[in-house]
Amino acid sequence: MNDTLLRHDWSLTEIESLLDQPFNDLIFRAQYLHRTQFDPNRIQVSSLLSIKTGACAEDCGYCSQSAKHATGLETEKLMPLEEVVEAAAAARAKGASRFCMGAAWRSPTDKNLQRVIEMVEAVHGLGMETCLTLGMLTQPQAERLKDAGLDYYNHNLDTSPEFYGNVITTRTFDDRLETLSHVRDAGINVCSGGILGMGESRRDRASMLRELANLPKHPESVPINMLVQVEGTPLFGSDALDPLEFVRTVAVARILMPESYVRLSAGRTEMSDELQTLCFLAGANSIFYGERLLTTDNPETDRDLALFDRLGLSLEQRVENEVKAAKARCSKAG
Ligand code: SAM
Ligand code: DTB
Ligand code: SF4
């Protein structure tokens, strides 16, 4: 899509009126636009690994890993390199094309960053794309990660600027925007999205999407998470979001950021196959794949593969491997 066709000047009213459209009209528009940019029958999959778990200094109200919430989570120090490589190789064997490593830090120390860089290099060595989510980064840290060959950095806006203070008090919305600008300026692909179902209003969802779409460049990847309610966190017991409202938000993300991968992220374990299918129809074309997210469960890979088969969806990596294998057969046959 021509750069000038990608808008960065959405108003809240425009986005709210997209969300307000009749469901069928909204999904049709999202699916139509999706097809102008992507193969509608292909899905990108990333696998996640928590490389440092729990004891986090931040107070994010949804998170099992904050030291401020009594969630009973077992904390784990930064994982040894060999274990990370083993997990990445296992994810690759199941068809994941990208390996995302998450650490429960407010921000990494330079010493820890060096250890993570070794992980990035090793995972790259397996032929996989790499993604990290380590909290806030300075510009020099982002540059170091770029030099190490990092492909993506995940840092979510989480919610609207207006609702943000109800969820997190230990860092600001502007801190998040600043990290995103460091990542973008370093030339790393940006992965940024948010969480729905935290008690926010439709206007908040519109406002969060506006923040994402009006960034100087659309994030290459936009994870939309459904809150996973963790006992002991302040957001445990929040009213469940209407699943069709979740689908609407996915559709509007697709319309606002037509070239971005929209990832149906946390919360899939509690979703029916039919709800996930509606999300794919609304333009979601990426998921987290593998039985674990960071500290909570994700659907079994067999369940995901069975759903992809029912829908005729191909994994991006699987397709690439098939093409490679076919080419190898052709050149052998002369
Ligand atoms: N500590 C780093 C940070 O906060 O940037 C990285 C890890 S953090 C767990 C990454 C993202 O996962 C959060 O920004 C949030 O959007 C999402 N997340 C965490 N816990 C969640 C939950 N219970 N339900 C849904 N999404 C969640
Ligand atoms: C994102 O948006 N969702 C992922 C990833 N980025 C790092 C994390 C979801 C975490 C869900 C709760 C847990 O497993 O701890
Ligand atoms: Fe820490 Fe990240 Fe969890 Fe917030 S979301 S408490 S920063 S691990």
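Coordinates for the structure precede this section.
Residues numbered from 1 in each chain as written. Chains lettered and ligands numbered in written order. Predicted model: local features only at pLDDT ≥ 70, side-chain atom pairs only at ≥ 80, totals over all residues. Heavy atoms only, no water.

## Let's talk about a negative patch on the surface
So, point 1. A cluster of acidic residues, Glu74, Glu76, Glu82, Glu83 and Glu86, forms a negative patch at the surface.
So, point 2. Within the secondary structure, Glu86 is located in helix α3 (residues 81–93). (Patch = residues over 30% accessible without salt bridge, like charges linked within 9 Å, V, L, I, M, F, W, Y side chains within 5 Å. Areas by Shrake-Rupley, 256 points an atom, 1.4 Å probe, with all protein chains shown as cover. Salt bridge = Lys/Arg side-chain N within 4 Å of Asp/Glu carboxyl O. Lys, Arg positive; Asp, Glu negative; His and termini not counted. Charge placed at Lys NZ, Arg CZ, Asp CG, Glu CD. Helix = DSSP H or I, 4+ residues; strand = E, 2+ residues; numbered from the N terminus.)

## Points about the site of ligand 1
So, point 1. Taken together, 16 residues sit near ligand 1, with Tyr62, Thr133, Asn156, Asp158 and Val228 positioned nearest.
So, point 2. Ala103 places a main-chain nitrogen or oxygen 3.2 Å from a nitrogen atom of ligand 1.
So, point 3. Contact between ligand 1 and Trp105: a nitrogen atom at 3.3 Å from a main-chain N or O atom of the residue.
So, point 4. When ligand 1 is considered free in solution it has 550 Å² of accessible area, and contact with the protein chains removes 90% of it.
So, point 5. The residue makeup of the shell around ligand 1, split by class, is nine nonpolar, five polar and two charged. (Near = heavy atom within 4 Å. Polar contact = N/O pair within 3.5 Å; in protein donor to acceptor, adjacent residues only side chain to side chain. Nonpolar A, V, L, I, M, F, W, Y, C, P; charged D, E, K, R; others polar.)

## A closer look at the nonpolar core
So, point 1. Ile51 and Phe246 are the most contacted members of the largest nonpolar core, which has 90 residues in total.
So, point 2. Per-element tally for this core: the top contributor is helix α8 (residues 243–256), with eight residues.
So, point 3. Once you skip the residues sitting within four places of it in the chain, Ile51 turns out to touch Lys77, Leu78, Met79, Val84, Met101, Gly102, Ala103, Val116, Met119 and Leu134.
So, point 4. Listed in part, the eight residues of the second largest apolar core include Leu48, Cys131, Val228 and Leu293. (Core = buried A, V, L, I, M, F, W, Y, C linked by side-chain atoms within 4.5 Å. Buried < 20%, exposed > 50% of the residue type's maximum accessible area, 1.4 Å probe, protein only. Contact = heavy atoms within 4.5 Å.)

## Quick notes on the site of ligand 2
So, point 1. What surrounds ligand 2 is a group of 13 residues, the closest being Asn156, Asn225, Leu294, Thr295 and Thr296.
So, point 2. Between ligand 2 and Asn156 there is a distance of 2.8 Å, counted from an oxygen atom to a side-chain nitrogen or oxygen.
So, point 3. Here Thr296 contributes a side-chain N or O atom positioned 2.8 Å from an oxygen atom of ligand 2.
So, point 4. Computed on the free molecule, ligand 2 has an accessible area of 400 Å², of which 87% lies beneath the protein chains in the complex.

## Focus on the packing of helix α5 (residues 139–147) against helix α6 (residues 173–186)
So, point 1. Between α5 and α6, whose axes approach to 8 Å, the crossing angle comes to 40 degrees. For the element pair α5 / α6, the angle class is oblique. Viewed along their axes, α5 and α6 form a crossing whose handedness is right-handed. Counted together, Gln139, Ala142, Glu143 and Lys146 of α5 and Ser181, His182, Val183, Asp185 and Ala186 of α6 form the full contact between these two elements.
So, point 2. Residue composition of the contact of α5 with α6, by class: three nonpolar, three polar and three charged. (Axes fitted to C-alpha atoms, helices over the stretch in contact; angles between N-to-C directions. Parallel < 35°, antiparallel > 145°, perpendicular 65-115°, else oblique. Left-handed = near helix turned anticlockwise from the far one by under 90°.)

Read these as spatial facts, not as claims about activity.
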